[in-house]
Amino acid sequence: MSYDLVIKNGTVIDGSGLPRYRADVGVRHGRIVTIGRIRERARDVVDAEGQVVTPGFVDGHTHMDAQIFWDPLGTSSCWHGITSVVMGNCGFTLAPCAEENKHLVVRNLQRAEDIPPAAMEAGIEWRWTTFPEFLDCLDSLPKGINYGGYVGHSAVRTYVMGERAFEQAASEDDLKAMEREVRDAIRAGAIGFTTSRSPAHETPDGRYVASRLATWNEVRRLVGVMGELNAGLFEIAGEGVDRAPGDPGLRDYHIRLRDLAVETGRPVTFGVFSRRDVPDVWRKYLDLLDETAAAGGRMFAQVHSRSLSALLSFKTQMPFDRLPVWKELRALPLAEQRRRLHDPELRRRLVEASGESDGGRPVGAEARAADYDWLLVFDTVEGPHRTVAEVARERGQHPAETMIDLALARDLDLFFLQPVANEDQDYALELMRHPRAVVTFSDSGAHVSQLMDSSLQTHLLYHWVRRKQAFTLEQAVRMLTLVPATLWGFADRGLIREGMAADLVVFDPETIAAEMPEVVDDLPSGARRLVQRTRGIAATIVNGEVLLRDGKHTGALPGRLLRGPVARRE
């Protein structure tokens, strides 16, 4: 037998959790056909001596719906071993929507997910109206990695109701029309249906995103469509009833989620994070997972491998940017900001103003008011990271002045970390270990100037496996491959087995690590975003073709659209 690709001399960690073994892996027509000792010729060979060979990593929580149109590689995800992603989370999708009404879906995405509208305007050629047409458009695009997509509640609502979607409850006719759209989307290959009821999701003018106007009955009706079809997942950004200790609405919300999972028979999923201001609420969510399973429903949590942190810098956002004296400075080019920050009088005014309230409430991952005991100096990837308060006390300075001095010492090329969840890493570890949890939730494609969590999978490998030894490499690989592939229904991915799709990663477990994030201006229209590369990955293989060698694109674009189970059956 001849092969299109052979990965030779590697140590296979197959995704099952079973022990590693030495073997070659042979690929033909995008599928794994041989695992063992291969002597036959191949069109392409990857020498994996001294490296492990694993299935490609799967990320179930991204917002790459817009990015896919201008970035065929899927950066930064592809640099971290991700070969398949699920987009359209939290109710935010680009379809269904006619081109003349695209301002409605852009409004939902712009502030809640920090995707610049100028980039969307310049980078997206609108060639669809319905969700099935949108999937066909995605199918035709060049892709480096694989993409599956949910249909989003906010898009469905604005498609049916127009401006009324931001103002009022749906009528019976509206509900029936929305049910038709969800049904058509699932039949065409949507992975599921998503919504947001989160108080953190607002439009640029401070209104609710469209899905937040929906009653719970509207949510039940639309998830019920998937129940009728016996297909699709339901993902939800929650109601915010867990942000205050002892909120009586939390139990009611949990009962509604449990009952929805049981009555529709569809898996329900959401993010779970620990938060220092409500330190025990996350345990109630874990209890809900087990309670739902006992009642006959399916439910799983999406968890993170580290703290969920906003990245702050003078090149992107700072906690003070909306304060008048700071706003005036931050409107200037970076070089001029650098010059003026040496002016003692301006520095005095900036420091003095830093304690003022800007009167605004952060949305999504926007910078919060500065809490210097929880602002970390992000000078290395791994850390440990000192707090701004600690450094300021040593210097005898106001913490805002310390931030200015530290940034100037790095030519304003310094990040600060502002944790907003998972501050306690012991809790983060407990969440990852829960049997009904999956490590995902990168939010890749969204919060482009605020977050950089595309590296959460590699963080698991270099921090929790290599440094902390909290998991074996076999356990961690399973957490990143078979577990998410199974939960999202990608039956032919997530394992190294004959007949499976040849999505593979070849890496050195002793050196794999994320590099420092960077700020680049590479979005359409020149808009700014954060990116992060990794080291230690020798090859990333998608559908049997080498996409990246040592982090460099080979020119291949082998990615595919991953349609849901109804479309595959029909």
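See above for the structure.
Anyway, here's the lowdown on the structure attached to this text. Owing to the predicted nature of the structure, the values given are computational and were not obtained by experimental measurement. (Residues numbered from 1 in each chain as written. Predicted model: local features only at pLDDT ≥ 70, side-chain atom pairs only at ≥ 80, totals over all residues. Heavy atoms only, no water.)

Some remarks on the overall build of the protein
Then comes step 1: Helices and strands together make up the secondary structure of the protein, namely 18 helices and 25 strands.
Then comes step 2: Taking 2.2 N^0.38 as the reference for a compact globule, 570 residues should give roughly 25 Å; the C-alpha atoms of the protein span a radius of gyration of 24 Å, in line with that estimate.
Then comes step 3: Its C-alpha atoms give the protein principal-axis dimensions of roughly 75 × 60 × 45 Å.
Then comes step 4: Within the protein, buried positions represent 61% of all 570 residues.
Then comes step 5: Once local pairs closer than 6 in sequence are excluded, the contacts in the protein between residues at least 24 apart make up 76%.
Then comes step 6: Taking the average location of the 70 positive side-chain charges in the protein and that of its 81 negative ones, the two points are 3 Å from each other. (Helix = DSSP H or I, 4+ residues; strand = E, 2+ residues; numbered from the N terminus. Rg over C-alpha atoms; globule rule 2.2 N^0.38 Å. Buried < 20%, exposed > 50% of the residue type's maximum accessible area, 1.4 Å probe, protein only. Contact = heavy atoms within 4.5 Å. Lys, Arg positive; Asp, Glu negative; His and termini not counted. Charge placed at Lys NZ, Arg CZ, Asp CG, Glu CD.)

Focus: the sheet that holds strand β7 (residues 82-87)
Sheet strands line up and pair through hydrogen bonds in the backbone, either parallel or antiparallel.
Then comes step 1: Strand order in the open sheet formed by three strands is β6-β7-β8, with parallel pairing between adjacent strands. The open sheet has two edge strands, β6 (57-59) and β8 (146-149), and neither has a second partner. Going across the sheet, the axis of each strand differs from the next one's by a mean of 15°, ignoring polarity.
Then comes step 2: Note that β6 and β7 share three bridges and pair parallel. Counted as the bridge partner of F57 is I82 from β7. (Pairing = 2+ DSSP bridges. Axes fitted to C-alpha atoms, helices over the stretch in contact; angles between N-to-C directions.)

Looking at the pattern of salt bridges
Then comes step 1: One pass over the full model with this rule turns up 48 salt bridges.
Then comes step 2: Across the pair R197 and E239 runs a salt bridge, and its minimum N-O distance is 2.7 Å. Residue R197 is located in the loop between β10 (192-196) and α6 (216-229), and its partner E239 is located in the loop between β11 (233-237) and α7 (249-264); the two are separated by 42 residues in the primary sequence. Each of the two residues, R197 as well as E239, counts as buried. (Salt bridge = Lys/Arg side-chain N within 4 Å of Asp/Glu carboxyl O.)

Some thoughts on the environment of E356
Then comes step 1: Position of E356 among the secondary structure elements: in the loop between α11 (344-353) and β15 (376-378).
Then comes step 2: Overall, E356 belongs to the partly exposed group, its relative accessible area being 46%.
Then comes step 3: E356 sits 36 residues away from F320 along the chain, and the two C-alpha atoms are 8.8 Å apart.

With respect to the side chain of T269
Then comes step 1: For T269, the location among the structural elements is in strand β12 (residues 268-271).
Then comes step 2: The buried category is assigned to T269, whose relative accessible area is 0%.
Then comes step 3: A polar side-chain atom of T269 sits 3.0 Å from a polar atom in the side chain of Q302.
Then comes step 4: Other than its neighbours up to four places away in sequence, T269 contacts Y150, F234, E235, I236, F300 and Q302. (Polar contact = N/O pair within 3.5 Å; in protein donor to acceptor, adjacent residues only side chain to side chain.)

Quick notes on the sheet that holds strand β16 (residues 415-421)
Then comes step 1: The three strands lie next to each other as β14-β16-β15, forming an open sheet whose pairing is antiparallel. Looking at strand neighbours, the two that pair on one side only are β14 (308-312) and β15, the edges of this open sheet. Direction aside, neighbouring strands of the sheet carry axes that sit 40° apart on average.
Then comes step 2: Looking at chain direction, β15 and β16 are connected through three bridges and run antiparallel. Residue pairing in the sheet places V377 in a bridge with F416 of β16.

A word on the nonpolar core
Then comes step 1: Among the nonpolar cores identified, the biggest contains 109 residues, and F69, L94 and F270 are the most heavily contacted of them.
Then comes step 2: At seven residues, α6 tops the list of elements feeding residues into this core.
Then comes step 3: Setting aside residues up to four positions removed in sequence, L94 forms contacts with D65, A66, F69, V105, L109, I124, W126, W128 and F134.
Then comes step 4: Judged by nonpolar contacts, the second largest core, of 29 residues, contains A353, Y372, A407 and L414. (Core = buried A, V, L, I, M, F, W, Y, C linked by side-chain atoms within 4.5 Å.)

Section: the pairing of strand β23 (residues 537-542)
Within a regular strand, side chains alternate between the sheet's two faces.
Then comes step 1: By the criterion of burial, β23 is predominantly enclosed, with six of the six residues buried.
Then comes step 2: Where strand β18 (residues 504-507) meets β23, four bridges bridge the pair, whose relative direction is antiparallel. Along β23, the bridge assignment pairs F507 with I537.
Then comes step 3: Two elements, β23 and strand β24 (residues 545-549), share four bridges in a ladder whose sense is antiparallel. Looking across to β24, one finds that T540 is bridged to L548.
Then comes step 4: In sequence, β23 turns back onto β24 through a hairpin of two residues, with N543 there showing a positive phi of about 50°.

Some points on the pairing of β7
Then comes step 1: Of all six residues making up β7, six are buried, and the element is well covered by its neighbours.
Then comes step 2: With four bridges connecting them, β7 and β8 associate as parallel partners. Counterpart to V85 in the pairing with β8 is Y147.

Notes on helix α15 (residues 456-467)
Then comes step 1: Of all 12 residues in α15, 10 are buried; the element is thus mostly enclosed.
Then comes step 2: Among all positions in α15, only L456, Q457, T458, H459, L460, L461, Y462, H463, W464 and V465 are buried.
Then comes step 3: Downstream of α15 by one or two residues, Q469 has phi in the positive range, about 55°.

Let's talk about the state of the cysteines
Then comes step 1: Inspection of every chain in the model, using the stated rule, returns zero disulfides.
Then comes step 2: The cysteine C90 is free of any disulfide, with C97 supplying the nearest cysteine sulfur at 19 Å.
Then comes step 3: Assessed through its relative accessible area of 6%, C90 is described here as buried.
Then comes step 4: In this structure C97 is not part of a disulfide, and its nearest cysteine sulfur, from C137, lies 13 Å away.
Then comes step 5: Owing to a relative accessible area of 4%, C97 belongs among the buried residues under this scheme. (Disulfide = S-S within 2.5 Å.)

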